[in-house]
Structures are given as structure tokens and as C-alpha cells.
Amino acid sequence: MAETLYHFVGGTRETGNGGRFGEVFNPALGQVTGRLPYASKAETEAAIATAAEAFPSWAATPPLVRARVLFRLKALIVDRFEDLVRLVVGEHGKVLSDARGEVTRAMEMVEFACGIPHLLKGEFSENVGRGIDCWSMRQPLGVCAGISPFNFPAMVPLWMWPIAIACGNTFVLKPSEKDPSCALHMAELAKEAGLPDGVLNVVNGDKEVVDTLLTDPRIQAISFVGSTPVAHYVYATGCAHGKRVQALAGAKNHMVVMPDADMDQTTEALMGAAYGSAGERCMAIPVAVTVGDAAGKLLDKLVPRVQSLKVGPGLDPDSEMGPLITREHRDKVRGYVELGIEEGAELTVDGRELRLQGYEDGFFLGGCLFDHVTPDMRIYKEEIFGPVLSVVRAPTFADALALTNSHEFGNGAAIFTRDGDVAREFSSQVEAGMVGINVSIPVPLAFHNFGGRKNSLFGDHHIHGPDGVHFYTQCKTVTARWPAADLRAGSTFAMPTMS
Ligand code: NAD
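Everything quoted here is computed from the prediction, not taken from an experiment.

Caption draft 1: Summary view of the overall build of the protein chain. Within the protein chain one finds 16 helices and 23 strands. For 499 residues, the compact-globule estimate of 2.2 N^0.38 gives 23 Å, and the C-alpha radius of gyration of the protein chain, at 25 Å, lies within 12% of that figure. Dimensions along the principal axes, computed over C-alpha positions, put the protein chain at roughly 85 × 60 × 40 Å. Expressed as a percentage of its 499 residues, the buried residues of the protein chain come to 56%. Restricting the contact set of the protein chain to residue pairs at least 6 apart, pairs at least 24 apart contribute 73%. Charged side chains of the protein chain number 45 positive and 59 negative; the gap between the two group centres comes to 6 Å.

Caption draft 2: Region of the structure containing the site of the ligand. Not every one of the 26 residues close to the ligand is listed here, only the nearest: Ser148, Glu177, Ser227, Ala249 and Glu383. Glu177 places a side-chain nitrogen or oxygen 2.7 Å from an oxygen atom of the ligand. One of the side-chain nitrogen or oxygen atoms of Glu383 is found 2.6 Å away from an oxygen atom of the ligand. Relative to its unbound accessible area of 840 Å², the ligand is 87% covered by the protein chains. Along the lines of polarity and charge, the residues of the shell around the ligand split into 15 nonpolar, seven polar and four charged. Here the shell around the ligand spans two domains, and each of domain 1 (3-249 + 456-478) and domain 2 (254-437) adds at least three residues to it.

Caption draft 3: Summary view of the layout of surface pockets. For the largest pocket, the calculated volume is near 880 Å³. Around the largest pocket, the lining is made up of 38 residues, and of these Lys178, Phe224, Gly226, Ser227 and Val230 lie nearest the centre. Of all the secondary structure elements, the ones that give two or more residues to the lining of the largest pocket are helix 8 (207-215), strand 11 (219-225), helix 9 (228-240) and helix 12 (327-343). For the lining of the largest pocket, the leading source of residues is helix 9, giving four residues. Across the lining of the largest pocket, the residue classes break down as 19 nonpolar, nine polar and 10 charged. There are two domains that each give the lining of the largest pocket at least three residues, and those are domain 1 (3-249 + 456-478) and domain 2 (254-437).

Caption draft 4: Examining the domain arrangement of the protein chain more closely. By the assigned domains, the protein chain splits into domain 1 (3-249 + 456-478) and domain 2 (254-437). Taking only C-alpha atoms into account, the centre of domain 1 sits 31 Å from that of domain 2. Buried surface at the junction of domain 1 and domain 2, both sides included, amounts to about 2000 Å², of which 64% is carbon and sulfur. Considering only the side of domain 1, the residues that lose the most area to domain 2 are Ala28, Val95 and Ser456, jointly responsible for 25% of the buried surface there. Run the count over domain 1 and domain 2 and you get one salt bridge. The partner of Asp98 in a salt bridge is Arg281, and the shortest N-O contact between them spans 2.8 Å.

Caption draft 5: Representation of the environment of Gly420 in the model. Its location among the elements puts Gly420 in helix 15 (residues 420-429). Owing to a relative accessible area of 52%, Gly420 belongs among the exposed residues under this scheme. The spatial distance from the C-alpha of Gly420 to the C-alpha of Pro196 is 51 Å, given a sequence separation of 224 residues.

Caption draft 6: Summary view of the nonpolar core. Counting 70 residues, the largest nonpolar core has Leu73, Ile77, Trp159, Trp161, Phe171, Phe450 and Tyr472 as its most contacted members. Lining this core are residues from two domains, each supplying at least three of them: domain 1 (3-249 + 456-478) and domain 2 (254-437). Beyond its immediate sequence surroundings of up to four residues, Leu73 is in contact with Val110, Trp161, Met186, Leu189, Ala190 and Ala193. Among the nonpolar cores identified, the runner-up in size contains 65 residues, and Met258, Ala274, Phe364 and Tyr380 belong to it.

Caption draft 7: Looking closely at helix 2 (residues 63-79). For helix 2, with 17 residues, the first-to-last C-alpha span of 24 Å sits near the 24 Å given by 1.5 Å per residue. Listing the buried residues of helix 2 in full gives Arg66, Ala67, Val69, Leu70, Leu73, Leu76 and Ile77. End-on view of helix 2: buried residues confined to an arc of 165°, all on one side of the axis. For helix 2, the exposed residues lying more than 90 degrees away from the buried face are Phe71 and Asp79.

Caption draft 8: Representation of the side chain of Ser176. With respect to the element layout, Ser176 can be found in the loop between strand 9 (170-174) and helix 7 (181-192). Judged by relative accessible area, which is 5%, Ser176 ranks as buried. At 3.1 Å, the side chain of Ser176 and the backbone nitrogen of Lys178 are in polar contact. Not counting chain neighbours up to four residues away, the residues in contact with Ser176 comprise Ser148, Pro149 and Phe150.

Caption draft 9: The arrangement of the sheet that holds strand 23 (residues 473-481) in detail. As summarised here, the arrangement of the three strands in space is 6-7-23, forming an open sheet in which the pairing is antiparallel. Where the open sheet ends on each side, the last strands, each with one partner, are strand 6 (123-129) and strand 23. Across the sheet, the axes of successive neighbouring strands diverge by a mean angle of 25°, strand direction being ignored. Pairing of strand 6 with strand 7 (residues 132-140) involves four bridges; the strand directions are antiparallel. Residue pairing in the sheet places Gly129 in a bridge with Ile132 of strand 7.

Caption draft 10: Representation of the environment of Val210. For Val210, the location among the structural elements is in helix 8. Val210 sits in the buried class, given a relative accessible area of 9%.

Caption draft 11: Inspection of the sheet that holds strand 17 (residues 388-394) at higher detail. Taken together, the seven strands give an open sheet; going across it, the order is 15-16-17-14-13-19-20, and neighbouring strands pair in mixed fashion. Because the sheet does not close on itself, it has two edges, and the strands there are strand 15 (346-349) and strand 20 (434-437). Adjacent strand axes in the sheet meet at a mean angle of 20°, parallel and antiparallel pairs treated alike. Relative to strand 17, strand 16 (residues 368-371) is paired through three bridges, and the arrangement is parallel. When the sheet's bridge partners are listed, Leu369 is paired in strand 17 with Leu389.

Conventions adopted
- Residues numbered from 1 in each chain as written.
- Predicted model: local features only at pLDDT ≥ 70, side-chain atom pairs only at ≥ 80, totals over all residues.
- Heavy atoms only, no water.
- Helix = DSSP H or I, 4+ residues; strand = E, 2+ residues; numbered from the N terminus.
- Rg over C-alpha atoms; globule rule 2.2 N^0.38 Å.
- Buried < 20%, exposed > 50% of the residue type's maximum accessible area, 1.4 Å probe, protein only.
- Contact = heavy atoms within 4.5 Å.
- Lys, Arg positive; Asp, Glu negative; His and termini not counted.
- Charge placed at Lys NZ, Arg CZ, Asp CG, Glu CD.
- Near = heavy atom within 4 Å.
- Polar contact = N/O pair within 3.5 Å; in protein donor to acceptor, adjacent residues only side chain to side chain.
- Areas by Shrake-Rupley, 256 points an atom, 1.4 Å probe, with all protein chains shown as cover.
- Nonpolar A, V, L, I, M, F, W, Y, C, P; charged D, E, K, R; others polar.
- Domains from an automatic or database assignment.
- 1 Å grid on protein atoms, 1.4 Å probe; cavity = no way out; pocket = protein on both sides within 12 Å on 5 of 7 lines; lining within 4 Å.
- Points joined across faces, edges and corners; volume = space filled by probe spheres on them.
- Buried area = accessible area lost by both parts, 1.4 Å probe.
- Salt bridge = Lys/Arg side-chain N within 4 Å of Asp/Glu carboxyl O.
- Core = buried A, V, L, I, M, F, W, Y, C linked by side-chain atoms within 4.5 Å.
- Expected span 1.5 Å × (residues − 1).
- Arc of directions from axis to C-beta.
- Pairing = 2+ DSSP bridges.
- Axes fitted to C-alpha atoms, helices over the stretch in contact; angles between N-to-C directions.

Here you go:
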């Protein structure tokens, strides 16, 4: 029986006004588990109105008091940790250990936001002129909105709203329609933690909700994470409507493998980065660029490891990789494998024939490995977002760096080497927002900024970390003088110089 899901607005569950619905699947079984109401424009506007009404009182709540709500939320996440993990596995399909890592990362966003009294401290200059002081402070924006992708249903929404509300904003979240339950559960936990009704609202749906958020004058800022075409649309439309927008987009992260790299370490790191979460991570590594004779040494170890990759349902603790998110996406990824063969790449490991007893209807695909991929191939150029790793051979380090930098995406990049000089040159010159040195998935922690370059990020701010606090606040600088007998002066018509 499919569960009827809901929106969460003003602290209450709403099952929709009988309009459109979508189906939520368990991807391991290929079965429908949820019936999700899609909000109309009017329903979305009602949620925005609720958030707008909650804003003045929440903005006036001292940061310390706001932080205490987040402290309680953190404790509740610890308490309900396994429930959240199972919601992620059930609707996304990723394996248990990976879902535990994701929920931990989500919790760390709340921990970061607990520090908001410190993070909001302004700057003060005494005596900028005689008897004049000047200070700057950061104030909330108003109602902010977040639109999140399917691949991190617990973590990505929490990149956004804990920091936004800690800063004194109210929030409307539209999670992915493919796996919304974790976001809904988190919002209910926030209420349980003492968050006043209306401060955080979750509205489900698709483009109709997104377009309403992008154009409604009450929304001040939009955080988006998803694919590049939608990110570009969200950025252009939101900006055209006068909003502050950060839109994190697609990726095709390269790992440069130098001949001197520790190949055992490199192989294991590459396995996790290419096939973890079935390659459905914006920080996955779908391209390994081998330099010089590194290819042979790497492939000797990598091929048997991909062949023995344990694919299975996420709830099986032995599974290393679960299913893809939907049947359509699995078929699209399989289509890329067929395309790669047509384009002349060498399919060294073919995961297309994988069948799992008892899970015949699940959206599974085995790990696939291409060798001799070249930069003109579509399997190199496009984001596949599945368990397909391409090996591209480069003669020199300079060629590998140039190749990495010429790709349209620049989210993450990694280098595996024992040579500090090469690693330093790579981290300095590579056109990517996040760089790993012998670290294949260099995802910054909550207290650092997260974001890419080129077609992987539209906007001036990275997400979470100090940039997150800046994104969700606006600066005000006050210059003050108190009347003092010796400083009283008549009118002055010149630009004040404060001397
Ligand atoms: P998506 O772009 O299909 O969807 C993202 C969100 O946008 C969802 O909430 C969806 O409902 C909404 N949406 C989809 N189409 C829309 C449209 N035409 N108009 C308005 N809204 C629309 O992305 P996805 O498939 O859910 O997620 C995978 C993508 O997200 C990949 O490209 C991945 O690289 C990217 N991603 C990037 C980062 C990052 O930090 N750069 C992180 C996670 C995922």
C-alpha cells in the first residue's frame, strides 16, 4: 500500500487540495511506496504567506534562542538517526553505510548553525572620526526558498535551511519529488525541537512550485542544487525577479592518477568515488585521467575490483552499491553505455547484464568501466550520473591538467600522487571549486564553503560555511555620533572625511 504523503506548512501536515499527484518508489524493489501531492501555484503562495507572517517575530528572536532550537534539533537527529537513514535508503536506494554518512553530514550542518551567535558577530571601529563610531551587522533577508535534488535527500536540504533560519529568515523548501520523506521528517523534528510554526515549510511538487518560488516578490533568496540546465534556468529567472540566487549544478569530476601514486590506495578511492551511491553524487569521480604509464598499473587492480563490486539492495549490509533512482534514469545510464561502445571506447567491465534474484523489478545496473575514452566522445563530455567510469589516457601531467580545465564543469577534482610539487601545482591551477590531494571525494565539511566553478555553479556564493551565512544575510553599516559639547558643528556640505 502506497503511503499518502503531504506538505508541511505552518507546522501542520496538508495532503493537498486534490490536484496533481506523483509516485515515490522504492528503487530496490521497483515498487511505488508513496503518493505525493504536487502543490499548485495557489498552495505554494499560501506557504509563502505563512513564512512571511512568521518572519518578523522569528527575526526578532535573539540568535542565542534560535540556536537553542537547533541544539535540540541536533539531539533529535541523533535520537532518530536510524529512522532517517532508513527513509534515505527506502526512497533513494543508497546503501546503509552511505546513508549513515549522509545523515551524519546533514547533522553537521545543524551543528554548524548552532554557532550562529558567533557567526553573526559584526565588526566595530571606534573613533572613525572624532567622537564617531562605525559598525557593521548582518541582518536576515526575509523569506528564503530552497529547491533540492534527489541524490542527497537528507543532506542537501540541510545545506540550506538550518543556516537560513539560524540567521533569522523563514524558509520554504521544495525537496526532490523523487524522495521527499526525509525532508518532511526533518521539518517535523524541527517543530518538535521548538521551531515556531511557519518558520520552516515544505511544499512538494515540480516546476509549478519552483516557478512560483522564483517569481513571487515575497521570496528574497533562492538556493538551488540540481542539474545544470535547471540551475541555469533558476539562476536567470530568480535574478530577473530581483532575488539573490545560488544555483549549484552538474559535474564531471576528474581524478588525475600520476604514475607514482599508491595504486592500492588509488584503486580503493576510485571504487568508492566512481561507484559509491551508484555514481549519483555531484562529487563522484566519473573520469580517471591516467598519466604516462599509470593506466596499466591502475587497470590491473581496478578491473577485478569493478568485476567483484557487490551490487544489491541498500538495506543489505553487504551491498557496496544500490540501485539507481528511477527506471527511466537507469535506462538513460544504460543508453550511455551503449553510446560509449558506438563511439569506440573499450568497455572493459560491462554491468548491463546484472540480475538480482528477488529484485528483478529494481532499478539496478552493474558497475561499468570504459578504457580509451577520448575527449570528443559524449560519454566524456556529458554528465552520466550513474555507475560508469571512463579512463582517459594523457601523456603528461600538463596534458591531464589541461584536459581537466577544458571541461565545461568544474565542481571537484582530485590528484593521486606521491609528488608534493605536482600536487601543489594541481591544486593551484585546476579550475574546480573543490580539490582533493589523495582524497577522491573532497566534500568540504559544514564549516567550510561548498561550491564549484564554470557550469557547476551559478552565483557568487558557495553553499554552507561562511558563504552560507553571508548568502542568507545582508550587511548594514552604521555610523554614529552622540552630541558632545566640543563637537557640535553647523551644517557641512562637503563629503564627510571624518578627520
Ligand atoms: P534536477 O535538476 O532534475 O532537479 C533538481 C530540482 O529541480 C528538483 O527539486 C526538481 O523537482 C526541480 N526541477 C526539475 N526540473 C525542473 C524544471 N524544468 N523547472 C523547475 N524545477 C525543476 O536534478 P536531480 O536529477 O534531482 O539531481 C541530480 C543533479 O543534481 C545532477 O546533475 C547533480 O550533479 C546535481 N547536483 C549538484 C550538486 C552540487 O553541489 N553541485 C549536488 C547534488 C546534486
